[in-house]
Amino acid sequence: MFIKVLGSAAGGGFPQWNCNCANCSGLRNGTIQAQARTQSSIIVSDNGEDWVLCNASPDISQQIAHTPELNKKGVLRGTAIGSIILTDSQIDHTTGLLSLREGCPHQVWCTPEVHADLTSGFPIFTMLQHWNGGLQHHGLTPLEPFRVDVCRNLQFTAIPILSNAPPYSPYRDRPLPGHNVALFIENTANGQTLLYAPGLGEPDAVIMPCLEKADCLLIDGTVWQDDELLATGVGKNTGKAMGHLALAEEHGLMALLASLPAQRKILIHINNTNPILNEQSPQRQYLTQQGIEVSWDGMAIHLQENAS
């Protein structure tokens with residue numbers, strides 16, 4: 001299985017355009033060792049030539065421009081993106097669909113709850129009907145395996161996760177199971193497995209079997225501590241209120257990852273305030289000691305045969 005990280009940051013990217021927190025100002029001034037990051041999205045493939053886009057970041061145009069694998073040779077216009085899967089209806093995972101309008105129609109897979117938000121509160125599906133057929137919606141049902149139009153060896157299963165619905169959803173603070181899903185991806189030709197979970201509010205009995213089974217975890221690393229936004233002075237929301245499990249809490253993500261057998265444990269969707277972005281920080285060094293990786297834009301992950 002081939003996986004490539006297009007964007008590794010949470011909403012706003014890093015540095016965030018209007019933020020002068022220690023990380024953002026440090027990166028701009030060159031006083032910390034860190035890499036700029038765009039907003040989170042990945043592509044996956046079973047052959048390295050045809051790709052499935054998982055979430056469409058607001059930075060998708062820039063990401064495609066820096067990803068040679070998506071340059072489809074021999075056509076006047078087009079990319080190697082054959083299908084698109086959305087894990088939620090959040091702005092930082094869906095706005096990129098607007099930038100892809102010149103390439104419509106696109107085959108887009110999402111739950112009924114996500115489709116409802118994207119035809120009402122944030123009506124991307126409705127707007128893009130005006131561009132050559134727009135977005136062709138394919139419904140998916142949580143916990144039911146499905147395949148998309150390309151990469152037929154890849155089987156996807158949407159796993160409901162405890163997180164939140166976006167502010168424009170009528171289900172904000174009372175989400176339904178289909179509002180937020182992780183993707184359990186299996187290459188049925190050789191058994192390689194990936195769990196992609198850029199949002200994870202709380203591990204429960206539904207997601208735990210996938211966390212325990214996956215060869216590779218590409219998982220939510222939004223905040224180091226639950227009150228990080230308040231502590232850094234940039235906001236009031238807690239990680240939990242935004243639907244993210246903090247890394248360093250007593251029963252946080254690091255404790256969870258320590259109990260899991262995955263060969264690779266990689267963090268994605270990292271907020272600009274998170275101290276792990278500073279590659280010389282004690283927090284980053286501690287992650288390295290624990291065998292936990294921090295993804296970066298352009299990171300390529302190739303799961304070998306018989307990985308499990």
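Since the model is a prediction, treat every value here as computed from it, not as a measurement. (Residues numbered from 1 in each chain as written. Predicted model: local features only at pLDDT ≥ 70, side-chain atom pairs only at ≥ 80, totals over all residues. Heavy atoms only, no water.)

Asks: In this structure, what is going on with the pattern of salt bridges? I would like to understand it.
Replies: Pairing is possible between side chains that carry opposite charge, provided their charged atoms lie close to one another. Tallied over the entire structure, the rule returns three salt bridges. One salt bridge in this structure joins Arg 101 and Glu 102, with 3.8 Å as the shortest N-O distance. The class for Arg 101 is partly exposed, based on a relative accessible area of 32%. Ionic pairing is found between Glu 293 and Arg 264, a salt bridge with its closest N-O pair at 2.7 Å. Here Glu 293, found in strand E12 (residues 292-294), pairs with Arg 264, found in strand E11 (residues 264-268); they are 29 residues apart in sequence, far enough to count as distant. (Salt bridge = Lys/Arg side-chain N within 4 Å of Asp/Glu carboxyl O. Buried < 20%, exposed > 50% of the residue type's maximum accessible area, 1.4 Å probe, protein only. Helix = DSSP H or I, 4+ residues; strand = E, 2+ residues; numbered from the N terminus.)

Asks: Just to check I follow, could you spell out the sheet that holds strand E3 (residues 51-54) for this structure?
Replies: Remark on secondary structure: sheet strands pair via backbone hydrogen bonds, oriented parallel or antiparallel. One open sheet accounts for seven strands, arranged E6-E5-E4-E3-E2-E1-E13; its pairing is mixed. In this open sheet, the two strands that pair with only one neighbour each are strand E6 (135-139) and strand E13 (300-302). Between one strand axis and the next, the sheet turns by 25 degrees as a mean value, whatever way the strands run. (Pairing = 2+ DSSP bridges. Axes fitted to C-alpha atoms, helices over the stretch in contact; angles between N-to-C directions.)

Asks: Quick question: what am I supposed to make of the packing of aromatic side chains here?
Replies: Scanning the model with the defined rule gives three aromatic pairs in all. Ring centres 5.3 Å apart and planes at 20 degrees place the aromatic pair Trp 109 and Phe 146 in the stacked group. Here Phe 146 lies in the loop between E6 and strand E7 (154-160) and Trp 109 lies in strand E5 (residues 106-110), a separation of 37 residues in the sequence. You can call Trp 109 buried: its relative accessible area is 10%. Pairing Phe 146 with Phe 156 gives two aromatic rings, centres 5.7 Å apart and planes at 25 degrees, and the pair type is stacked. Residue Phe 146 is found in the loop between E6 and E7, and its partner Phe 156 is found in strand E7; the two are separated by ten residues along the sequence. Note on accessibility: Phe 146 and Phe 156 belong to one class, buried. Through successive ring pairs, a cluster of aromatic residues spans Trp 109, Phe 146 and Phe 156. (Phe/Tyr/Trp six-rings, centres within 6.5 Å; stacked < 30°, edge-to-face > 60°.)

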